[in-house]
Every structure is written in C-alpha cells, then in structure tokens.
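# Chains, contacts and geometry: an overview
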Amino acid sequence: MSSLSRELVFLILQFLDEEKFKETVHRLEQESGFFFNVRYFEEMVTNGEWDEVEKYLSGFTKLDDNRYSMKIFFEIRKQKYLEALDKKDRAKAVEILVKDLKVFSAFNEDLFKEITQLLVLENFRDNEQLSKYGDTKSARSIMLGELKKLIEANPLFRDKLNFPTLKNSRLRTLINQSLNWQHQLCKNPKPNPDIKTLFVDHSCGQSQPNGARAPSPVNNPLMGALQKPTGFPPLGAHGPFQPAPAALPTSLAGWMANPHPSASAGPLGFNPQSNSAMLKRPRTPPTNNPAADYQTADSDHVLKRTRTFGISDEQANHLPVNILPVGYSGQSHGQSSYSSDDLPKTNVMTLSQGSVVKSMDFHPVQQILLLVGTSTGEISIWELGSREKLAHKNFKVWDHSVFSMPLQAALTSDYTAQINRVTWSPDGTLFGVAYSKYIVQMYSYHGGDDFRNHLEIEAHAGSVNDLAFSYPNKQLSIVTCGEDRLIKVWDAVTGAKQHTFDDHGAPVYSICPHFKENIQFIFSTATDGKIKAWLYDNMGSRIEYDAPGHSSTRMAYSADGTRLFSCGTNKEGESFIVEWNESEGAVKRTYNGLGKRSVGIVQFDTTKNRFLAAGDECLVKFWDMDSSNLLTTVDADGGLPASPCIRFSKDGILLAVSTNDSGINILANPDGIRVLRTMENRSFDPSRVASASIVKTSPMTPFGASNQSAGPNIMDRVTPMSSMAAMNGDNRSLVDVKPRIRDESMEKSRIWKLTEITEPSQCRSLRLPDNTTSSAMRISRLIYTNSGLAILALAANAVHKLWKWQRNDRNSTGKATANVAPQLWQPTSGILMTNVISDTNPEEAVSCFALSKNDSYVMSASGGKISLFNMMTFKTMTTFMPPPPAATFLAFHPQDNNIIAIGMDDSSIQIYNVRIDEVKTKLKGHNKRITGLAFSNALNILVSSGADSQLCVWSMEAWEKQTSKNLQIPPGRVAAPVVDTRVQFHNDQTQLLVVHETQIAIYEAPKLECLKQWVPPETNGLITHATYSCDSQSIYVSFEDGGVGILTASSLRLRCRVSSSSYLQTNPNSRVYPLVIAAHPSEPNQFALGLTDGGVVVLEPLESEGKWGTSPPLENGAGPSGLTTGATGTTDQAQR
C-alpha cells in the first residue's frame, strides 16, 4: 500500500472516530494494522474479553513472530487459565491448557509442565511463584502494565502506537477544498451552490445534481483566500457534518510560518492587511467556556513530528531508534494509555538539604542524580541510590574585578544570593544557575562529585529570574530573563551575548524556549501577566497575550513537544493551571482544583505526555491532561509548605518535592522504587556515575541498558529501568578548563601497586560448556546479547553458538554470570546458525556479525554471503551480497535497523538498506580491508578503521568524508602491513577507543585528535582485542600471551592484570590465548574471552573484591578529564 493510501486510512479512522462508529474504527485498526489503539486494548484486557483481545492483536502480530509477541500471547493465555482455576472451573482450565497453552511447550517444556501441575492444587496460590496473586482485577492490572511494556518494546509495533497529529475533521476539510476548487472551475459560479451529493463532481449548471440554490444564511467560505468572489458553505450546512469554527486571527502558527508580519498572508479566510495589525494586539483568552477546544479544521497549526522539549529537529533525528520520543496526539483516538498507578506517589526517602529549596532538576540521563538550588545560594548534587550528597558549593563570585560597580556594591553590602533556577543542559554535560543578584553561573559536569567552573555572566541588573537552554542556529545557547524587564540569549561556550529582547513593561518572570516547524522561538511571561513570543532576531515580540488572571506564570510543553501548559498565581492569590491552543492563543482547557488563596506562586511540572502536577495547599495535586477535574492528591507523608517546589524525573518515575524543614521528599512509582532498590543494593562508587551519559549505548557494540527478558515465565512481572539516551547539541569543544589537582601524598603513591591475578582462587571464571563437533574451532567473534542473558559466539568454521543463562535460585536475574553454568542453546529443530562460506578455506575468511537492538536477529558473514538469522528459531531469514567483495565488518545504523554499514575486503564501505535490498551509497577512503565501524549519534558521524591503520570520519547526512588520520605507531614498534584496527565510542559519543596490535589510544571525534596513548610492554605480546566496559570507566585488553589487562579509561593507566593461569588449565604443549573480548552490557566488571582453542570463558572479580583492582593515584593534571592532545601514556613497566 502506498504511503498516501496509508494516510487515507488514518483520515478515515479519524472520521469514523469523530462520527462515533466505534466498532468500525477498531475493526479498521485491526484489518489495516496501521494503528494499535492501546486504550482500546487496555479496556478489553481490563474487562477480560480474551477472545477479542487476541483477535485485535492478530491484526498486528502472530504468536511466533518474535519473542516479544510470544510473551504477549503467553501472558494473556496464562491469565485466562489462572482465572478459570480461580473460579474452580477445571474443565475450562483444561480446555485452555490444551488449546491455548500447549503451543508454548515446544519452546519451554518445563514451564508447560509446571503450569499443568497447577491443576492438581486446591489453590494455585500454593505455588510459590503465584503466592502473591491477588484478585482478578489486580492481576489484570499488573498484567496490563507488563503487556504495554512488551508492546512498546516489540519492533512490530514500533510505528503503530502513535496516531498521526491531524487537524480536526481533516477528511472533511479536504473534501471542502476539492469542492471549492471545482466551484472555481465553473463557467458561471453561483453565489450559493447547493451540495446534494459527493458521488459526482460539482457544477453550477441547472441540470446538474450539485447545482446552485437559493441564498442561505449559512455562508462561511472555507477557501477565503481564493480570488473568486464566491465560495462554499461548510458541508455541515447540508448534511451530517458539523461546521467547524473559523480560525481566529491571532495565530501562533501563523507568525511562525510567516515570521515577518508585513509579508504574512494571514490565516485562511482573513484579510492579510488586518492580520498584520492584529499580531501585536493583546487578547485575553475567553473564560466563559474554558474546556472548549478552539483548534479548527482550517487552523494553520500543524505538528509534523513530536520531539522532546529543548531538542531540535536535527538533534531528535540523531537519537537512537529505540529511545526516540514517543508522542501522542491530543485527540481521543490516539491518546496514550498510562494510568494513575504510573504516578510517583510513594514517599521513599527524605533528603536533608539544610536550607530552603528553591529549584530542582533531575539529570536528563542519570536520572538518580538530582540538582538542587537553595535560598542561601547553595548548589547540591544528590545521588538518590545511595542518598548521598555527591557535591555542593556555596554562593561565591569567581572574579569581582570584571563586574559592574552596581554589582560590586551590592555584593559588598550583602554577600548572599538566592538561587532562582537550576537546570541541566539537554545532554547533562552542563548545568546553569540563576541567582537573585545579577549573575548566572555555568558549570561543566564530569560525573560523580566533579563539576567545574565554566562561565560566569553578569546577565541582568537585579535578579535573574529564570534560565533555560536552547538551540538556535544548531548551537547550544543560554536564555535568561530578569528584573530589568529584559530577555537575553548567550553563547553557551563563550558566554558572548547574542540577543537582547526588551519589549516587556514589567520584570520578566519566566521563559520557555521551544522549536516547531523549523522555527526556534521563546515564550516569556512577566509579573504583570503578559505573555509574549519572540524569534531569534531583532524584530521585537511577535504576539502578546494575557495570562489567566494576569498571573505570574510559568509555561511548559509536554515531553513530546505537542501540548503547551502554564501555571501561575496572581497578586490576589488566585492560581490557574491551563492548556493553551497555540494556533489561536486561547486557553483550551482550565484545570480545576487549585486553592482559592495560594501562598506564593504555585509551581508545576508535566510528565509522560499525560499528567500534570502542582504543589498547592501543602499537597501535590495531579491531573490527567485530558480532564479538567483533579485526578488525585498526595501529601508526601506531610510536612510540605503551602506551595512546595516540585520536579519530575525525565521519565516520570520519580518526583522531588520540597519540605517545610529544608528537606526534599522523593516520591516514586513502582518502576522508580525498583530502580532505587537496585541502586541501594550496590555499594556506591562515584566512578559509576559517568560523565554526561553513562547509560548511553555505544553504537558499534551491542552494549546497552538491560532489556527485559521476553521469554515466557510463570510469574515474570519485573520491568527494568527504561533505556535512556541523551545527545550533545553542540559539536564545539568547551573552553579549556584546567584539571583539578588532587592531594595525593607520596606515601599513598608508594602504597599502591598493580593488582596481579595469577591463581584461579583470585577471581571467578567459568568456561562455558560445549560438546559440539566444532568445540575446537577458534572463536572469531564474541558478543553479549543486549539483555545480558546470553552470549553469542561465531567460530572460524562459520557456526554460531548461543549460551543462555536460566533464572533460578542461584541466579535470580537470569543474567550471564561466572557463578552458574549456562545452557548451550539450540531450538528443538536441531538446526545450527551457519554462515554461507566461500570456496576459500573458512578459517582464512574474515568473520563478522552484528546483533539487532532487541536481540531478535543477528546479521553475520564468514567470507560468503551475509546471512540474517532469527535468534529464536535459528532460521535463516535471508541472505544477500555474495562476494566479491566479501563483508569484513557489520554495524547497524543507530537510527534505523533497516540500514547497515558494511565494511568490505576491497576497502570500501557500503551503506545498505535491507528492507528494499539496495545499496544507498558506497564510501571509499581506505587502502585495505575495513576492520572497524562505529556510529556516534551525538556527532552524527560514522568512524571507520582499516587494516591500513587509518581512521576516517564520515558524515551520516551526506555520507561524505570529513577527515582521516593515520595511527601514530609507537617509537621502536613496527606494525604489520595488514593489521586489524578496531574503533568503539565512549558512552559520551565523543571520545573514541582505537585498538591496534601495538597500542590502545583515545581520540576525540570528529577531528580525530589523539588524547592519550598506551603502549604495552613487548613481553605481553601483541594486543589481540580490547573493549570498553559497559559504563566506559574501564578498558579490557587481551594479549597474545594469554593475559588480560584492565585499564582505567580516563587515565589509560593499567590497574589490574589477569594472567592466563587464572582461567586456563595449564598445558605446556598448547598455546591458547584470547582472540576477542566482550563486555557485559550492564555489569561493568564482567567480561568474556573467545579463545583460540574454541573455548569461551566468563571472568568476574571475587565477590569480596567487587572490582578489578584499584586505580593508580592520580598525578597532577591526570584526572578524569585531564586529557591533553597528543599526550602519551606510560607503559605498565614504568608504572611498576
């Protein structure tokens, strides 16, 4: 079906929904398979309509499509079975067991046997795993939460959960436009055409069925901009369609699309000359019908895509596919399906800040980090997992001499300042602080307790009331506003002032930068209740509105950037929280439930594109965005001020609320509680809190946040923390900041020594079981699955091996571990995943593979065609690209799983679209075969490495080469003429690990400046492979002598060496060593080795140790960020 036909289906769905043809709507959803209505699905599950549930699902997936689909069907049928048992209807339970659940025995026979055993129990709750099963209603609710997460993770639903954002009555509008066009073609157009049918074209001839009629009082031309003097009334005047209200003249969408009023054509149906004057005309939103939606079918308000607040279109395009912001339209048909149970309402901890909290913000990536600003000017960073204040800093001016005399005088008389706002940059590498005296301070954040002075700006005369980040001209900027009635824009790198806006007549209270329709703009609100909008130019404010009640107001968009809200309090204490119709500048909905006489200005926040929260009357109040009535309230165990400060974490699982006694209560939903408990169970190590983006996945590897196990389990309800990612919006480097010099005594330096692991008793190791005929074939490639539940190896004979760990008493998580042996897994069919091989010796071929993000598919080659395998069934889905040339390296595009980068043995790189079987482009820049590929979302580049020891950087937009560089071979070393060079991005997506047989090096992309280099002693032999740990804090390096070195990534200093004698049985006649090394995707101290004898070994430190050695004492300038261009690290001999 063509894309236009697909869009027509969506228009029909909207029309049917508006006309209340509910059953037909859902039937079309199912039969087309274009839109999965989660809310409808939720209703059916809640009501136990199991046959209808499966029938609806059948339009989108089948049971055996993938592991997510399998688990969805399993959960539904298991619940149906348990409900029959609960009703003591054994006959029904047996029928379900035989007809519905038997199919799963082929995949997990033990599980089916266990389910069958429930029949003999008087009460199935006697089964330990089902002991907490409540009543039917609660069980369905719990299962529903699980199903929604599985559906969101299932790639088959990926583009089907989000109904397109459409104007109201879009299909009717298109029909009206068509009729208007037909009317313009009439030879003698009549002033009042009479529309009687849509079955034939319109004509004004008297003999035509769609001819003229007598004048009618209804005459509202939809095509008012046409030059012809006449037009059609709305179709609703002659049939079932209801006329849409006409567009109002003051349109936000209008001034964005036509930013210069004099050139604007005006909204449809209005005179352009009058429209230009109206742009500056104040207008108070109507209040007689606050719930009315003023958006019309002819509105210019079009949302082409949803995006996260503060992230531009270009940057949103750089986000990984699995974490792109999911938006839901404001209309009922496409609404999201969260319930109030998803709200963080449970008080899980109280932090003692020590002074009154004025502003808070959760880190956009590390969401257990909370930034706090107080009334005394103190900045704090809290780590919620350990409840520890990582760092804090009191108000202090860095350099008095550069400031104006009024500021110096103000500081002389009173050297204190209140913090009005703290906020992180979108990628979490910077944060800003706005003070009540003149100043804005910017800090760069490097993880843990490490934040450093970056910029200090005298921003405003008097108080700086608000601060935010934005991306005009594709570079990071800071927007501020103040008591001096000004708004200013600053360069976030240099601090240079870019713009000043001065049209407010009162102190500016808040700002809200945003991006829409390729236009960057800023909303500002003042203490006199005026709201203005600005473009980044010198043309003055574009529109002016009055806030409800003329209140001091803050504005905020929903997380997907499609809905605008404001909340404020006026001088009489009246508070208002409303949703705006941007295209009309009118209040779309007013929310009820705020107090009549608020103390202070009520603060609010939004989350999940579905909920609003405000601190009022010593409570936290919640609303569903689509309902004016108060949803629920919580008192957070009491002790809240009248108008507490509140802040959601970015994924909405945590909520921070200020308390009366200068503390902070942390509220959590079930997911938040689970995340915090997980963190509490791990002893806190600041090195785990990585700079900027610890959980960001490196595109060249399968590493990522642990995915949910999607295999069927009898009582599997645990959901992991969502995988998150952030991106760097500014490719320029920050101004140089001198590294901190830590106080390390000479005595401490003498005490430290390299940790040597030489005996099996000094670590935990496990050789994975293998009784196959290919057990002696060397391991060419090795990888953990993204879920961390299995290890996949590719042997030199082109055969894949998959080891899976089971969840049991010894391994409660089911993740890979050295404590428990896994199973060498094969499907019941007994087939193997075997690559197509060429005529040459398979052991001489270069092997490569890449795993999809959801672990469902692996793409692999061993000198022959590239094969795509189903990881559940081991079946070959397709083969393509027969040699020559042969593929030597594979990497999935981070934004589109259908596109892969293929490195070839003829030195080229092919960008290939699997879905349409087409090579999009071919990149040429190397002289020998490609040995490594790595994508950076933040920089929008692909880095390649070749057997020619050369690195190349390619733009992902135009696929053009940006730069290249040859590796610096260490003095005294000679590189082989053909040698594998590997590349892998750090979690920050900027630093690049380069692995060569002679060295480990860190480069900074995209310019490829060498920051550090580590050269091992020649006694170790050559480096065979290396990789970052999942948190990018360590680098694991394997050698030809069988040893493994563990380096501290920030300093490239060796801290631990693991000898082969600790994990290999001694055999003087065999020379066994690791060829490849892989890091666990969520356990930073676990790695696996693929050996020359065909073995795979998993290694972990002793539980009593917890990690691989301790880092060497830091020398001056050698801190985590003290990397300097061209700096060369010492060998480990020098360290000893």
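The model shown is predicted, which means the values in this text are computed figures rather than measured ones.

### With respect to the sheet that holds strand E57 (residues 1096-1101)
Taken in spatial order, the four strands of this open sheet run E30-E57-E56-E55, and their pairing is antiparallel. Edge strands, defined here as strands with exactly one partner in the open sheet, are strand E30 (763-767) and strand E55 (1074-1079). Taking the axes of each pair of neighbouring strands and ignoring which way they run, one obtains an average angle of 20° across the sheet. Bridge analysis of E55 against strand E56 (residues 1087-1091) gives five bridges, and the strand direction is antiparallel. Among the inter-strand pairings, Pro-1074 is bridged to a residue of E56, identified as Leu-1091.

### Overview of helix H1 (residues 3-18)
Look at H1: 23 Å from first C-alpha to last across 16 residues, which is about the 22 Å you get at 1.5 Å a residue. Those residues of H1 that fall on the buried side of the exposure criterion are Val-9, Phe-10, Leu-11, Leu-13, Gln-14, Leu-16 and Asp-17. For H1, the elements touching its buried residues are helix H2 (22-32) and helix H9 (170-184). Just beyond H1, the residue with positive phi is Lys-20, at close to 70°.

### A few points about a nonpolar patch on the surface
Side chains of Leu-198, Phe-199 and Val-200 sit close together on the surface and give an oily, nonpolar patch of about 350 Å² of accessible area. Tracing the sequence through the fold places Phe-199 in the loop between H9 and helix H10 (252-257). Judged by its relative accessible area of 81%, Phe-199 falls in the exposed class.

### Brief notes about the nonpolar core
Core analysis: the largest hydrophobic core is formed by 43 residues, its most contacted members being Phe-36, Phe-41, Leu-57, Tyr-81 and Leu-101. Of all the elements in the fold, those that place two or more residues in this core are helix H3 (38-46), helix H4 (50-57), helix H5 (67-86), helix H6 (90-101), helix H7 (109-117) and helix H8 (136-153). For this core, the leading source of residues is H5, giving ten residues. Setting aside anything within four residues of it in sequence, one finds Phe-41 in contact with Phe-36, Val-53, Leu-57, Leu-144, Leu-147 and Ile-151. Core analysis: the next-biggest nonpolar cluster, separate from the first, contains 24 residues, Leu-369, Val-422, Trp-424 and Tyr-443 among them.

### Remarks on the packing of H5 against H6
Interhelical geometry of H5 versus H6 gives an angle of 165° and a closest axis separation of 8 Å. Accordingly, the angle class assigned to the pair H5 and H6 is roughly antiparallel. Pair H5 / H6 crosses with left-handed handedness. Counting all contacts with H5, which are made through Phe-74, Arg-77, Lys-78, Lys-80, Tyr-81, Ala-84 and Leu-85, the residues of H6 involved are Arg-90, Lys-92, Ala-93, Ile-96, Leu-97, Asp-100 and Leu-101. Here the contact of H5 with H6 is composed, by residue class, of eight nonpolar, no polar and six charged.

What counts, and where the lines are drawn
- Residues numbered from 1 in each chain as written.
- Predicted model: local features only at pLDDT ≥ 70, side-chain atom pairs only at ≥ 80, totals over all residues.
- Heavy atoms only, no water.
- Pairing = 2+ DSSP bridges.
- Helix = DSSP H or I, 4+ residues; strand = E, 2+ residues; numbered from the N terminus.
- Axes fitted to C-alpha atoms, helices over the stretch in contact; angles between N-to-C directions.
- Expected span 1.5 Å × (residues − 1).
- Buried < 20%, exposed > 50% of the residue type's maximum accessible area, 1.4 Å probe, protein only.
- Contact = heavy atoms within 4.5 Å.
- Patch = residues over 30% accessible without salt bridge, like charges linked within 9 Å, V, L, I, M, F, W, Y side chains within 5 Å.
- Areas by Shrake-Rupley, 256 points an atom, 1.4 Å probe, with all protein chains shown as cover.
- Salt bridge = Lys/Arg side-chain N within 4 Å of Asp/Glu carboxyl O.
- Core = buried A, V, L, I, M, F, W, Y, C linked by side-chain atoms within 4.5 Å.
- Parallel < 35°, antiparallel > 145°, perpendicular 65-115°, else oblique.
- Left-handed = near helix turned anticlockwise from the far one by under 90°.
- Nonpolar A, V, L, I, M, F, W, Y, C, P; charged D, E, K, R; others polar.

Just distances and angles here, no functional claims.
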